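Spelled out from the first residue to the last, the chains are:
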Amino acid sequence: MSDMRKGQKILIWGAERPTASLLAQRYLDQGAADVAILLDERGVDKNMPAEVRRIDCDPANPRQMRAFGKELAEDKHGLDVLAIIHDETRLGYLSDNSLDDWQQSLKHNLHLVLQLSQLAYPALKLAKGNVALLGSIGGPYAYTGFGPTGVVREATHTMSRYMASEWIKDGIRVNTVAIAVIAEGETEHNELRLLRARSLPRPDGLFPGHAHPEEIVDIFDFITSPKARWLTGQILMADGGMSLGLNFDHFLEQTNFT
Amino acid sequence: MDRRSLEGRWALITGGGRGIGRAIALELAERGADLILNYKSGKDAAEATAEELRAMGREAWTVQGDVRKPADLDKLAAEVIERCPHLDILVLNAAFGTIDDVYNVGRASWKATFDTNVVASWYLGKSLLPMLKQSRGCVLSLSSIGAVMPFPQYVAIGVSKSATEALVRQMAVEWGRYGIRVNGISAGPVDTRAIDWFRYPNAVRQFARDKSVFKRMAEVDDLAPVAAFLCTDEARWITGQTIIADGGITIGIDSTDFDAQAAGSTEAELEDRS
């Protein structure tokens, strides 16, 4: 327990993810006065702490967003942290993707992220708050079969740089955590086995590039804390080294390179 | 064998009637390519460009279509497949963008920017993939340095262009097995009518002149040869790359002002700091 977030107000989108429950608990443990999640059609992870306030607002619903915007505007404290870990992963080869794959990926991973950030901006300005977004290593690096996911996440990365550059005058910092996969059980995508052979194996048995939820929570926690006061507009590659290069072990074994 | 030649190759350029698209068309034709020019609204300009290309001895025709609309893209692809003996070069040049800051950019224009600059690029590439496979052709996508460096009121275009650069990498990785190369060109401000869409066009022109190491603004003819190079066999070992052709705007910081100020410092000031 610490009180480093005493009195702070936190908003999280992506409540269906186990990672969101851990993140919310972390903020509560640090003394946050109000940790809230947005309730969208995906529901809430079963381990979400009871103290976390549920807000009936799906960012895809303009009427609910207007109502939530009013609530935010009436709050004189402002918003200290906006953490978005919501994700719509659409995989598959570019030659097989549908228009709907692209539109849904753009809507959830970019358009609605912008709209929620715009809605929260006055409150973030009031508290000189932080924005933490979710990105993907598929943005700067192309992986076969990543479909629209990597392409759209690269746009998220760039949008976070624009937000950082325009909002720093208001004391708002914006950073992005670019992941490969979070090992969250049922939400883990089977297709992401594509990634498994590409990097250094983890000593704890997880597939390469897969993160434990706590590992991602630690990074979100840090970048939204005062310790990261000199960081803004950054894309933190949180992939266990997956994007550093290819794992050549198999190749070396085949060629008897010893 | 002249690797710079595009003799006998067919190229489709979206937004090919004027501006950068027109300059690329003329450069490709100069190297021997035949062209299909897509345009949205500038029929006269597109027809005039096609006429210029024919006067150079090339085959050239125009197709109207708004690339933001999938039905128009279907029509464009169908016409290319029906009329073109083969397609060797696809230039994704058509673009749309709204000028505003992050907080104020509107939903409809934001979405329209992505539908034009990102979704249409993927969709047209996918639609013409069978022809590009057959010819082991190449794709070229136009980008902007706003994809890597934020500029005021440029968020919609800059962010969408970073997605197109990621799409270039993704296409290159997936379609390299068919012998298809996919590359991009990232430009700084270019002296076209698009500059007048900015709220402060003169400021953009001044910025471009000041920040380029050559102290001038780019002309469309500065970009066209780079585009043509990437479409020739000279660039056969380059794929998945976005070449920055910005007159040096993004390579670093011009310290002239700093140097002048430092030169004006007195010995006493320097001693104070030590």
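A short tour of the structure in this document, coming up. Note that the structure is a prediction, hence the values are computed from the model and not measured.

### A closer look at the overall build of chain B
Along chain B, the regular secondary structure elements total ten helices and seven strands. Rg of the C-alpha trace for chain B: 21 Å, near the compact-globule value of 19 Å for 274 residues, within the 12% margin. Taking the principal axes of the C-alpha coordinates as reference, chain B spans close to 80 × 50 × 35 Å. A separation of at least 24 residues holds for 75% of the contacts in chain B among residues at least 6 apart in sequence. With the model as given, the accessible surface of chain B reaches about 12,400 Å², and the carbon-plus-sulfur share is 51%. Once the 32 positive and 37 negative side-chain charges of chain B are each reduced to a mean point, those two points are 7 Å apart.

### Thoughts on the pattern of salt bridges
Pairing is possible between side chains that carry opposite charge, provided their charged atoms lie close to one another. Under the defined criterion, the tally for this structure stands at 28 salt bridges over all chains. A salt bridge links Glu71(A) to Arg53(A), with the shortest nitrogen-to-oxygen separation between them at 3.1 Å. Of this pair, Glu71(A) sits in helix α2 (residues 62-74) while Arg53(A) sits in strand β3 (residues 53-55), and the two are 18 residues apart along the sequence. As a salt-bridge pair, Arg205(B) and Asp196(B) come within 3.1 Å of each other at their nearest N and O atoms. Its relative accessible area of 17% is what places Arg205(B) among the buried residues.

### Observations concerning unusual backbone geometry
All names here are of chain B. Of note in the backbone geometry, Arg-136 takes a positive phi value of approximately 50° without being a glycine. As for its position among the elements, Arg-136 is in the loop between α5 (129-135) and β5 (138-144). The backbone of Gln-153 shows a phi angle near 65°, a positive value even though the residue is not glycine. Mapped onto the elements of the fold, Gln-153 is located in the loop between β5 and α6 (155-175). We classify Gln-153 as buried; its relative accessible area is 16%.

### Quick word on a nonpolar patch on the surface
The grouping of Val213(B), Phe214(B) and Ile251(B) at the surface amounts to a nonpolar patch, some 360 Å² of accessible area in total. Within the fold, Phe214(B) resides in the loop between α7 (201-211) and α8 (220-231).

### Observations regarding empty space enclosed by the protein
Residue and element names in this part refer to chain B. Counting across every chain of the model gives one cavity of 30 Å³ or more. The volume enclosed by the largest cavity comes to roughly 60 Å³. Lining the largest cavity we find Thr-14, Val-67, Leu-73, Leu-92, Asn-93, Ala-94, Thr-116, Ala-120, Ser-121 and Leu-124. When residues of the lining of the largest cavity are assigned to their parent elements, the largest contribution, four residues, is made by helix α4 (residues 107-127).

### Observations regarding the sheet that holds strand β6 (residues 173-179) of chain A
To summarise the sheet geometry, strands pair through backbone hydrogen bonds and adopt either a parallel or an antiparallel arrangement. Residue and element names in this part refer to chain A. With parallel pairing, the seven strands of this open sheet are ordered in space as β3-β2-β1-β4-β5-β6-β9. In this open sheet, the two edge strands, each paired with only one partner strand, are β3 and β9 (235-238). Looking at each pair of strands side by side, their axes are set apart by 20° on average, direction ignored. Two elements, β6 and β9, share four bridges in a ladder whose sense is parallel. Pairing of Ile-179 across the sheet is with Ala-238, part of β9.

### Side note on α8(B)
Residue and element names in this part refer to chain B. The end-to-end C-alpha distance of α8, which contains twelve residues, comes to 17 Å, matching closely the 16 Å that a straight helix rising 1.5 Å per residue would cover. Every buried residue belonging to α8 is among Val-220, Leu-223, Ala-224, Ala-227, Ala-228, Leu-230 and Cys-231, and all of these are buried. Axial view of α8: buried residues confined to an arc of 155°, hence all on one face. Where α8 is buried, its residues touch α1 (19-30), β4 (89-92), β5, β6 (181-187) and β7 (242-245).

### Brief notes about the sheet that holds β6(B)
All names here are of chain B. With parallel pairing, seven strands are arranged side by side in an open sheet as β3-β2-β1-β4-β5-β6-β7. Only two strands of the sheet have a single neighbouring strand rather than two, namely β3 (60-64) and β7. Sheet twist, expressed as the mean angle between neighbouring strand axes with direction ignored, is 20°. Sheet topology note: the strand β1 (residues 10-13)/strand β2 (residues 34-39) ladder contains four bridges and is parallel. By the bridge assignment, Leu-12 is partnered in β2 with Ile-36. The sheet contacts of helix α3 (residues 70-83) involve β1, β2 and β3, and relative to β3 the element is tilted by about 155°. Sitting on the sheet, α6 is in contact with β5, β6 and β7, with an inclination near 160° to β5.

What counts, and where the lines are drawn
Residues numbered from 1 in each chain as written. Chains lettered and ligands numbered in written order. Predicted model: local features only at pLDDT ≥ 70, side-chain atom pairs only at ≥ 80, totals over all residues. Heavy atoms only, no water. Helix = DSSP H or I, 4+ residues; strand = E, 2+ residues; numbered from the N terminus. Rg over C-alpha atoms; globule rule 2.2 N^0.38 Å. Contact = heavy atoms within 4.5 Å. Areas by Shrake-Rupley, 256 points an atom, 1.4 Å probe, with all protein chains shown as cover. Lys, Arg positive; Asp, Glu negative; His and termini not counted. Charge placed at Lys NZ, Arg CZ, Asp CG, Glu CD. Salt bridge = Lys/Arg side-chain N within 4 Å of Asp/Glu carboxyl O. Buried < 20%, exposed > 50% of the residue type's maximum accessible area, 1.4 Å probe, protein only. Patch = residues over 30% accessible without salt bridge, like charges linked within 9 Å, V, L, I, M, F, W, Y side chains within 5 Å. 1 Å grid on protein atoms, 1.4 Å probe; cavity = no way out; pocket = protein on both sides within 12 Å on 5 of 7 lines; lining within 4 Å. Points joined across faces, edges and corners; volume = space filled by probe spheres on them. Pairing = 2+ DSSP bridges. Axes fitted to C-alpha atoms, helices over the stretch in contact; angles between N-to-C directions. Expected span 1.5 Å × (residues − 1). Arc of directions from axis to C-beta.

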